[in-house]
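Geometric and topological summary
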Amino acid sequence: MPATSILDLFSVAVAHGLVAAEALPSRTTGLDQDAWLAAHGLDAEARATLVVELDNYRLGAELGGYTINGLIGLGPTGALYRALQRSMQREVALKVLPASYRAQSPLAGQLLREARAAGGVNDQGVVMVFDVGEADGRFYMAGEHLSRGTLAVRLAQVRGPLPVVEALALARDCAGGLAAIAAAGLTHGDLNPDTIKLSAEGRAKLDDLGFSRVLVPGPPPALAPRRGRPGYLAPEVALEDGPGDIRADIFALGTVLYEMVTGQRAYKAIDHERYVRELTRQEAPDPLAVAPQLDPRIAALVRTAMAQQRGERFADA
């Protein structure tokens with residue numbers, strides 16, 4: 001890994017749009033680097049991934065049949081690029097797994113199978129998957145590129161609750177996508193504002209299906225990473241580290257709807273340990289406590305979706 005100072009890393013993160021420019025620290029002496037990165041969506045693993053990815057893939061680099069045109073985002077499960085699929089001359093979102101996910105890894109094989117399964121989900125509420133494969137020892141998945149960005153971007157622009165009509169329409173789109181995913185024998189496992197993309201028409205589309213879970217009997221593979229983001233992860237998954245089912249996805253959708261109608265996150269923790277403590281120390285938050293003007297019927301919908309006991313949630317999307 002190339003030597004990169006923490007200030008260089010912050011500057012690179014800002015340059016690639018991963019962190020707002022105003023968030024760049026004026027000094028780094030005494031700064032808790034990991035806490036700062038986590039607060040801006042970049043944990044320690046993401047930091048290492050960023051350094052490696054920027055060293056491996058620059059503008060114009062080629063991977064398989066794709067030409068890299070820019071970095072969209074990154075995380076511990078890989079990097080997402082804007083790329084040109086040369087054979088079709090179309091712009092795609094190209095997700096590339098870290099180099100450590102080698103062909104002989106059971107986890108890499110599992111992810112490859114799941115990505116192919118996700119490609120069979122054909123629904124307007126789900127980002128289309130075009131291709132999955134391996135090149136230069138790296139696994140990749142190519143899918144629909146939506147230039148309008150994510151729900152997270154939309155929420156940041158509003159800096160408060162979304163109009164209720166818009167929030168309900170987006171939640172309905174997401175529910176339709178989850179139903180299609182479940183019908184294909186999958187569970188999303190990582191639903192949050194960053195994995196909800198917005199089409200040019202303002203419709204919500206679920207992304208990140210290449211790293212969803214196939215719903216099969218038996219325990220999850222020993223090498224499977226913890227799925228889901230703290231704050232959106234269902235209690236049974238966060239506390240038991242199990243794969244969850246459609247009701248875990250419904251919990252995540254409930255937390256997203258809570259955020260859309262209140263302008264606040266239901267759970268504030270940004271790391272897994274704090275999130276587990278938050279789950280065990282309090283009841284599911286009531287949206288009326290922070291948005292008393294909200295229609296009680298919508299509040300009841302949110303509370304049911306976010307019930308801490310999965311048997312009390314909606315059984316399907």
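Just so it is clear, the structure is predicted and the values come from calculations on it, not from any experiment.

1. Notes on the nonpolar core
The nonpolar side chains of a soluble globular protein tend to be buried, and buried together. Grouped together as the largest cluster of nonpolar side chains are 49 residues, with contacts concentrated most on L151, I196, M260 and Y275. Of all the elements in the fold, those that place two or more residues in this core are α5 (151-158), α6 (164-183), β8 (196-198), β9 (204-206), α7 (235-240), α8 (246-262), α9 (272-281) and α10 (296-305). At 11 residues, α8 tops the list of elements feeding residues into this core. Filtering out sequence-adjacent residues up to four positions away, L151 remains in contact with L162, L170, P193, I196, L198, V256 and M260. If you look at the next biggest cluster of nonpolar residues, it comprises 14 residues, including A83, V92, A135 and A142.

2. So, the side chain of D245
Its place among the elements puts D245 in the loop between α7 and α8. A polar atom in the side chain of D245 sits 2.8 Å from the side chain of R247.

3. Focus on unusual backbone geometry
Despite not being glycine, Q89 shows a phi value in the positive range, around 55°. Inspection of the secondary structure puts Q89 in the loop between β3 (78-85) and β4 (90-96). Among the residues examined, Q89 registers a relative accessible area of 57% and is labelled exposed. Even without being a glycine, R159 presents a positive backbone phi close to 55°. Mapping R159 onto the fold places it in the loop between α5 and α6.

Rules used in this analysis
Counting restarts for each chain: residues are numbered from 1 in the order of the written sequence. It should be noted that, the model being predicted, local features are given only for residues of pLDDT at least 70 and side-chain atom pairs only at 80 or more, the latter also being counted only at that level, while totals for whole chains, interfaces and linings use all residues. Hydrogens and water molecules were not included; the side-chain quantities draw on all heavy atoms of the structure. We call a set of buried residues a nonpolar core when its members are Ala, Val, Leu, Ile, Met, Phe, Trp, Tyr or Cys and they connect through side-chain atoms within 4.5 Å of each other. Buried, partly exposed and exposed residues are distinguished by accessible area as a fraction of the type maximum, computed with a 1.4 Å probe on protein chains only: under 20%, between the cut-offs, and over 50%, respectively. Helix numbering and strand numbering both begin at the N terminus, where a helix is a DSSP run of H or I of at least 4 residues and a strand a DSSP run of E of at least 2. We call two residues in contact when some of their heavy atoms are within 4.5 Å. Residues adjacent in sequence count toward polar contacts only when both atoms are side-chain atoms; beyond that, a polar contact is any pair of N or O atoms within 3.5 Å, and within protein one must be able to donate a hydrogen and the other to accept it.

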